[in-house]
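Tertiary structure, described
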Amino acid sequence: MVEKKTTTKDIAATPKATKKRTAKPSTKTQTTKITMPAEAVNAENVGFKAGDVYQTLATATAPMSIEEVSKVAGISLEETLLGTGWLFKEGKVKGEKGKLSLA
């Protein structure tokens, strides 16, 4: 039977290239998971939410953020996004610098 020879190496005695470790800035972005019940996503419901968003923007004196529209209209953020998408497609709203206004 052949015996395996093992050698031990003194790790402290071997020169090691040292690197300075610097903290890297975090590149992770925070995302919000949006979930809607399947029965709530239909053309009729989205159309009504688009009407809510449109009426809110029509009465506003200045451009509003999505969160502000949601709060004033009294609808959820998800419903606001669906209604806003509908209005964008129709060319009824425009967005500048994170704010919505009527086109």
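Up top you'll find the structure we're talking about.
A short tour of the structure in this document, coming up. (Residues numbered from 1 in each chain as written. Predicted model: local features only at pLDDT ≥ 70, side-chain atom pairs only at ≥ 80, totals over all residues. Heavy atoms only, no water.)

1. Details of the pattern of salt bridges
- Taken as a whole and judged by the stated rule, the model has three salt bridges.
- K49 is paired through a salt bridge with E79; the nearest N and O atoms lie 3.9 Å apart. Placement of the pair is K49 in helix α1 (residues 43-59) and E79 in helix α3 (residues 77-90), with a sequence separation of 30 residues. The residues K49 and E79 share a single accessibility class, namely buried.
- A salt bridge links K99 to E68, with the nearest nitrogen and oxygen atoms 3.7 Å apart. Here K99, found in strand β2 (residues 99-102), pairs with E68, found in helix α2 (residues 66-73); they are 31 residues apart in sequence, far enough to count as distant.
- In this structure E68 comes out as partly exposed when scored by relative accessible area, which is 34%. (Salt bridge = Lys/Arg side-chain N within 4 Å of Asp/Glu carboxyl O. Helix = DSSP H or I, 4+ residues; strand = E, 2+ residues; numbered from the N terminus. Buried < 20%, exposed > 50% of the residue type's maximum accessible area, 1.4 Å probe, protein only.)

2. Thoughts on the pairing of strand β1 (residues 93-96)
- Direction of pairing for β1 relative to β2: antiparallel, over a ladder of four bridges. In the strand pairing of β2, V93 is matched with L102.
- Count of turn residues in the β1/β2 antiparallel hairpin: two residues, of which K97 carries a positive phi of about 55 degrees. (Pairing = 2+ DSSP bridges.)

3. Looking at α1
- Between its first and last C-alpha, α1 extends 24 Å over 17 residues, near the 24 Å set by a 1.5 Å rise per residue.
- Of the surrounding elements, those touching the buried residues of α1 are α2, α3, β1 and β2. (Expected span 1.5 Å × (residues − 1). Contact = heavy atoms within 4.5 Å.)

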